[in-house]
Amino acid sequence: MKSGVDIIDQASLIVAHDEGNAFEAVVPPIVQTSLFTFSSYAEMEATYRGEKVRPTYTRGLNPTVRHFEEMLAKLEGGEDALGFASGMAAISSTVLSFVEPGDRIVCVKHCYPDAYRLFGTLLKRYRIDVAYVDGLDEEAVAKALPGAKLFYMESPTSWVMEAHDVGALAALARRHGVTSVIDNSWASPIFQQPLALGADLVVHSASKYLGGHSDVVAGVVTGSRELIQKIRSIAYPYLGGKLSPFDAWLLIRGLRTLPMRMKAHEAAALSIARRLADHDAVETVCHPGLGNQLPPGLSGTSGLFSFIFREGADIPAFTNALSLFQLGVSWGGHESLIVPGRIVLAQAAQPNSAVDFGISPRSIRLHVGLEGADMLWSDLEGAIAAAL
Ligand SMILES: *Cc1c(COP(=O)(O)O)cnc(C)c1O
């Protein structure tokens, strides 16, 4: 299989666009407009009859957004893609395009908390049932799939970074005629290509690695022309979670450095994870790249992982002693971040926020940014000493 890094050479990122030559600018323009006018009655009628495809209104089609969609489809090996205003807009529009009242979704446990909450609130209200399965237990997955409408995967999972055999799980879904979707935000197309592994649809929070600079909230789904057309005609225009032209432009810029950034996140995170694993204050490091070989389907690892302190560490003292790692949710940008598990548990204790997330109160999730592994390790080492 071709790795993402080979696919994303600069030539393959050049996507034909139709905005004229725009002064021969090397970067495509931001087509920041809400509507597009017609030069004649005949052209307007041909467009609305469906005889001509061209932008009419940015909620439906915008050239800058289309440029991003084509780049992302190419990277993931999809035939088509749709950009959204957030990862959650991509997830909700995708899921709602495939299910009806009375249907059942099978989902791997410990998925992204707001996806879990979407399933437990809005979907429940429309009598769509979600059954959670252990993604490592292929027998349990095979048992749960018959009769389901959708199989929702996320691998590695959001907090404990449990990596599943995506190819094997997707094959099970296919055998039972169940459409499969995977959230590939963690690995990005550089380190995991779920469509090639047999999944039907791939969703991303583009707010993470695809954007990569912590300056945009966006989402995207990619897959076959037929499945993307289904989302385009059922949920996309009416839920209206449209990606904006400026955000699409930021994502186009972000994608240009995705392979280099992913390699830098991978190397720095692995170096820190190994040093944490050797530290006396640490009980466990949850990082899928620490074994002898990578889990099936993954060709590399990203900058997000977690570890669990041994009993007795003062987590607020650890947190407050850090200077390079900043306290903040999200991840995928240039900067290093931490979230203590206790914070997520505090949120989960609020009404309507409960998540089954497998989090230890002694855990810390780290996003290792691009500042340099040695400096980041000094920061962590000093803060661990302050916690003991
Ligand atoms: C952040 C995140 C999302 C949601 O994306 P938004 O862009 O914040 O809506 C979905 N899945 C995963 C794994 C995430 O980390």
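Residue numbering note: each chain is counted from 1, following its sequence as written. Local features in this predicted model are restricted to residues whose pLDDT is 70 or higher, and side-chain atom pairs enter the listing and the counts only when it is 80 or higher, whereas totals over whole chains, interfaces and linings include all residues. Excluded from the side-chain calculation are hydrogens and water; included are all heavy atoms of the structure.

Named according to an unreviewed UniProt entry, the protein chain is Cystathionine gamma-synthase originating from Paramesorhizobium deserti. UniProt positions are given in the numbering used here, feature names are shortened, and annotations may be inferred rather than shown by experiment. Within the UniProt record for the protein chain, the comment given under Sequence similarities (unreviewed entry) is "Belongs to the trans-sulfuration enzymes family." The Cofactor (unreviewed entry) comment attached to the protein chain in UniProt states, word for word, "pyridoxal 5'-phosphate".

A. Representation of the sheet that holds strand 9 (residues 304-309). In space, the five strands of this open sheet follow the order 8-9-12-11-10, with mixed pairing throughout. In the strand order of this sheet, the two ends are held by strand 8 (282-286) and strand 10 (326-327), each with one partner. Bridging between strand 10 and strand 11 (residues 337-340) involves two bridges; their strand directions are parallel. Within strand 11, the position partnered with Gln326 by the bridge is Leu337. Here a residue-residue contact requires only that any non-hydrogen atoms of the pair lie within 4.5 Å. Axes, fitted as lines to C-alpha atoms, cover a helix only where it is in contact. Angles between the N-to-C directions of the axes lie from 0 to 180 degrees. Numbered from the N terminus, helices here are DSSP runs of H or I no shorter than four residues, and strands are runs of E no shorter than two. Of the strands in this sheet, strand 8, strand 9 and strand 12 (363-367) touch helix 13 (residues 258-277), which is tilted by about 10° from strand 9. Two strands pair if DSSP finds at least two bridges between them.

B. Main features of the packing of aromatic side chains. Aromatic pairing here means that ring centres of Phe, Tyr or Trp (its six-membered ring) are within 6.5 Å. Orientation follows from the plane angle: under 30 degrees is stacked, over 60 is edge-to-face, and everything else is tilted. For the structure on display, the rule yields nine aromatic pairs. Here Phe84 and Tyr236 contribute two aromatic rings whose centre-to-centre distance is 5.4 Å and whose plane-to-plane angle is 90°, an arrangement assigned as edge-to-face. Of the two residues, Phe84 sits in strand 1 (residues 80-84) while Tyr236 sits in helix 11 (residues 236-239), which places them 152 residues apart along the sequence. What makes Tyr236 buried here is its relative accessible area of 3%. In textbook terms, an aromatic cluster arises when at least three aromatic residues are bridged by ring pairs, as seen for Phe307, Phe309 and Phe318. Exposed residues in this analysis have more than 50% of their type's maximum accessible area, buried residues have under 20%, and partly exposed residues fall in between, with area computed by a 1.4 Å probe over protein chains only.

C. Layout of the pairing of strand 6 (residues 201-205). The buried fraction of strand 6 is high, at five of five residues. Burial along strand 6 is two-sided: Leu201, Val203 and Ser205 and Val202 and His204, pointing in opposite directions, are all buried. Where strand 5 (residues 179-183) meets strand 6, three bridges bridge the pair, whose relative direction is parallel. Along strand 6, the bridge assignment pairs Asp183 with Val203.

D. Broad picture of the sheet that holds strand 6. Here seven strands make up an open sheet; going across it, the order is 1-7-6-5-4-2-3 and the pairing mixed. Edge positions in the sheet fall to strand 1 and strand 3 (129-133), since each has one partner strand and no second. Here the strands of the sheet are splayed against their neighbours by 20° on average, with no regard to which way each runs. Note: strand 2 (residues 104-108) against strand 3, five bridges, orientation parallel. By the bridge assignment, Arg104 is partnered in strand 3 with Asp129. Lying over the sheet, helix 5 (residues 113-125) contacts strand 2, strand 3 and strand 4 (150-154), oriented at roughly 150° with respect to strand 3. Taken strand by strand, helix 10 (residues 225-234) contacts strand 1, strand 5, strand 6 and strand 7 (219-223), and its axis lies near 30° from that of strand 1.

E. Representation of the pattern of salt bridges within the structure. Within this document, salt bridges are pairs made up of a side-chain nitrogen of Lys or Arg and a carboxyl oxygen of Asp or Glu, the two lying within 4 Å of each other. Summed over all chains, the structure comprises 14 salt bridges. Glu43 serves as the salt-bridge partner of Lys52, at 2.9 Å between the closest nitrogen and oxygen.

F. Here's a closer look at helix 16 (residues 373-387). The terminal C-alpha atoms of helix 16 lie 21 Å apart, and with 15 residues this matches the ideal 21 Å at 1.5 Å per residue to within 8%. If you follow the buried residues of helix 16, they end up packed against helix 13, strand 9, helix 14 (315-321) and strand 12. For a helix, the expected span equals 1.5 Å multiplied by the number of residues minus one.

G. Structural detail: the nonpolar core. One finds Leu276, Phe305, Phe318 and Leu366 to be the most contacted residues of the largest nonpolar core, which totals 57 residues. One finds Val95, Val99, Tyr152 and Ile228 within the second-largest nonpolar core, a separate group that totals 27 residues. Here, nonpolar core refers to any group of buried Ala, Val, Leu, Ile, Met, Phe, Trp, Tyr and Cys residues whose side-chain atoms link them within 4.5 Å.

H. A look at helix 10. Listed in full, the buried residues belonging to helix 10 are Leu227, Ile228 and Ile231. The buried residues of helix 10 occupy an angular sector of 100° when the element is viewed end-on, so they sit on one face. Among the exposed residues of helix 10, those oriented more than 90 degrees off its buried face are Arg225 and Glu226. Contacts from the buried residues of helix 10 go to strand 1, helix 4 (87-96), strand 5, strand 6, strand 7 and helix 11. For this quantity, the arc is that covered by the directions from the helix axis to the C-beta atoms.

I. Fine view of the site of the ligand. With respect to spatial proximity, 13 residues lie near the ligand, and among them Gly87, Met88, Asp183, Ser207 and Lys208 are the closest. Here an oxygen atom of the ligand and a backbone polar atom of Met88 are 2.8 Å apart. One of the side-chain nitrogen or oxygen atoms of Lys208 is found 2.6 Å away from an oxygen atom of the ligand. Per-residue accessibility takes into account occlusion by the displayed protein chains alone, with areas from the Shrake-Rupley method and a 1.4 Å probe. Protein burial of the ligand: of its 380 Å² of free accessible surface, 89% is covered by the chains. For the shell around the ligand, the leading source of residues is helix 4, giving three residues. Looking at the shell around the ligand residue by residue, the class counts come to five nonpolar, five polar and three charged. To be near a molecule or strand, a residue needs just one of its heavy atoms within 4 Å of it. Polar contact criterion, stated in full: a pair of N or O atoms within 3.5 Å, where within protein one must be able to donate a hydrogen and the other to accept it, and residues adjacent in sequence count only if both atoms are side-chain atoms. Classes in brief: Ala, Val, Leu, Ile, Met, Phe, Trp, Tyr, Cys and Pro nonpolar; Asp, Glu, Lys and Arg charged; the others, Gly included, polar.

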